[in-house]
Amino acid sequence: MSVQFKVSDMACSACANTIAQAVKQVDAQAQVETDLTAKTVTIATQQPAEDIKKAIVEAGYTVE
Ligand SMILES: [Cu+2]
């Protein structure tokens with residue numbers, strides 16, 4: 001399953017890295033792709049989208 005979120009306050013590669021690490025706390029096997037131009041995070045995961053979203057929010061980012 002693949003989910004995509006828009007994270008408008010992801011500004012640089014450090015943000016992207018923080019988000020990727022947060023996602024991997026939920027699913028260590030997740031494949032995380034971040035697009036800093038489009039401000040999107042695309043995640044291939046077996047975990048529920050809501051859990052992934054929550055992890056990104058808890059890392060301090062805004063998921064639209
Ligand atoms: Cu940043």
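Residues numbered from 1 in each chain as written. Predicted model: local features only at pLDDT ≥ 70, side-chain atom pairs only at ≥ 80, totals over all residues. Heavy atoms only, no water.

Overview of the overall build of the protein
Inference 1: The secondary structure content of the protein amounts to two helices and three strands.
Inference 2: Secondary structure of the protein in N-to-C order comes out as β-α-β-β-α.
Inference 3: Relative to the globule expectation of 11 Å for 64 residues, the C-alpha radius of gyration of the protein, 10 Å, shows essentially globular dimensions.
Inference 4: Taken along its principal axes, the extent of the C-alpha atoms in the protein is 25 × 20 × 20 Å.
Inference 5: The proportion of buried residues among the 64 residues of the protein is 33%.
Inference 6: For the protein, the proportion of contacts with a sequence separation of at least 24, taken over those separated by at least 6, is 63%.
Inference 7: For the protein, the exposed surface amounts to about 3,800 Å²; the carbon and sulfur share of it is 46%. (Helix = DSSP H or I, 4+ residues; strand = E, 2+ residues; numbered from the N terminus. Rg over C-alpha atoms; globule rule 2.2 N^0.38 Å. Buried < 20%, exposed > 50% of the residue type's maximum accessible area, 1.4 Å probe, protein only. Contact = heavy atoms within 4.5 Å. Areas by Shrake-Rupley, 256 points an atom, 1.4 Å probe, with all protein chains shown as cover.)

A short note on the nonpolar core
Inference 1: Core analysis: the largest hydrophobic core is formed by 15 residues, its most contacted members being Phe5, Val7, Met10, Ile19, Val23, Ile43 and Ile56.
Inference 2: Take this core: its biggest share by element is four residues, from helix α1 (residues 13–26).
Inference 3: Setting aside residues no more than four positions away along its own chain, Ile19 makes contact with Val7, Met10, Val41, Ile56 and Tyr61. (Core = buried A, V, L, I, M, F, W, Y, C linked by side-chain atoms within 4.5 Å.)

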